[in-house]
Amino acid sequence: MTWGYFLNEKSETFVTFKKFKALVEMQKDWSIKTIRSDRGGEYTSREFEEYYKNKGIQKQLPAGYTPPKNGVSERRNRNFFKMAITMVNEKGLPKYFWAEAVHIAVHNLIRCPTKALKDKTPVKAWSGIKPSEGDIQNHKARLVARGFTQKPGIDFYETFSPVARLAIIRSRSKSEATLHVKKEHGNTIIVCLHVDDLLFTGNDVKMMQNFKQDMLEAYEMSDLGLLNYLFGIEVSQVKEGIFISHKKYTKSILQKFKMMDCRSVDIPIAINEKFRKDDGEKKVNSSLYRNMIGSLLYLTSTREDIMFAASLLSRFMQEPSQVHFGAAKRVLRYFQGTMDYGITYKFGGYLNLIGYFDSDCSGSIDDMKSTSGYVFLFGSSICSWLSKKKSVVAQFTAEAKYVSASKATS
């Protein structure tokens, strides 16, 4: 277990240590028997020496100028320092935020499982309380997102981890805290951080090997080799390129909703079919419908062919009718014949960025708002797509097209 204290001067070490000793002994009803430290004057002072004797504490000191002899503390210190510097530099914060950054680094590291504790977290081993109580999804935050404001009884034991979004796996964003890019001598390496997993790629094998070796030396981690599975996405890497799909997840959806033996259809939604919120039809189980639509929306990360259908049907999740439910089941029937569909990213070729957009005019029966959509290709591979109802009502078709074009290029 690790605690962090911040001192203005080394002379404060003795007073701070007595406070620490009182804290841990009161919490656990244990007594500190041994202290191991370096040979800094703040630990070898006369008052410390007398305190050790009075309390019966054994003192352990390594040989002079031999930090490796105190390896556990030195490595821990180095990890905290590197994490703090990284957070401050990444966010461009003033240096006086260094203490807050160290505090967050300690907070996060003691909530990560370690082999020394047989895959338990230090917090769990010390207090017996899991560090991820409650609904983590509702409290997920970035690594630097004000972890120092957490309060006991509310979110003190929550885990705040860097979480990559599916969108950044396909495209870069300067404002994305989990995506890091390094360029050196014309070579590039891109690193994506998701909780305690690292995904990296680049155009230079030696640069990637050096990065991997640095990570293995600095942190306790395993090399899992080439990426083949991420966020439920299956990744196939061959000589011609990279193919990503959701085949396994698609099959699990059909099994979940008992549609494995259904007949397939050619398109996910009938052409020119219109829906309204109050269609007079019998209402269905809204929880089941939301579960189904949520699965469809998740699949749009590799299945742009269902983007419009999933977006359209998601408008009726509050009070779905039998008509809406039937349309959602039709999309599942479409999966029956397209389970192997995915996206191929080919190596080589021309890498021109090409975009397409379109919009209907007053397509929504309920509020007369239009639905716009766009798709972008980088070379021969699709890289970005969207279908969404607009927030304003277009007065004529040309206006709907212009709004759609603005959305696609913003």
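If you're wondering where the values come from, they're calculated on a predicted model, not measured in any experiment.

Would you take a moment to explain the overall build of the protein chain for this structure?
On a plain count of helices and strands, the protein chain comes out with 12 helices and 12 strands. The buried share among the 410 residues of the protein chain stands at 34%. Taking as baseline every contact in the protein chain between residues at least 6 positions apart, the subset at least 24 positions apart corresponds to 57%. Split by element, the accessible area of the protein chain, about 26100 Å² in all, is 53% carbon and sulfur.

For this particular structure, what's the right way to read the side chain of Ser295?
Note on placement: Ser295 falls in helix α9 (residues 286–299). For Ser295, the contacting residues outside a window of four places in its chain are Tyr249, Ile253 and Phe257.

How do you make sense of unusual backbone geometry when you look at a structure like this?
Both trends apply: most residues other than glycine have a negative phi, and most peptide bonds are in trans. Positive phi values are uncommon outside glycine, yet His185 reaches one of about 55°. Its location among the elements puts His185 in the loop between β3 (179–184) and β4 (187–194). On the accessibility criterion, His185 (77% relative accessible area) is exposed. One non-glycine residue, Lys258, lies in positive phi territory at about 55°. Position of Lys258 among the secondary structure elements: in the loop between α8 (247–256) and α9.

Help me understand the confidence of the model for the protein chain in this model?
Reading predicted coordinates in detail is not appropriate for stretches of low pLDDT. Chain-level pLDDT for the protein chain is 81 on average; 86% of the residues reach the 70-or-more range. Element-level pLDDT for the protein chain is lowest in helix α6 (residues 166–170), with a mean of 53, against a maximum mean of 94 in helix α11 (residues 322–336).

Conventions used here
- Residues numbered from 1 in each chain as written.
- Predicted model: local features only at pLDDT ≥ 70, side-chain atom pairs only at ≥ 80, totals over all residues.
- Heavy atoms only, no water.
- Helix = DSSP H or I, 4+ residues; strand = E, 2+ residues; numbered from the N terminus.
- Buried < 20%, exposed > 50% of the residue type's maximum accessible area, 1.4 Å probe, protein only.
- Contact = heavy atoms within 4.5 Å.
- Areas by Shrake-Rupley, 256 points an atom, 1.4 Å probe, with all protein chains shown as cover.
- pLDDT = per-residue confidence, 0-100.

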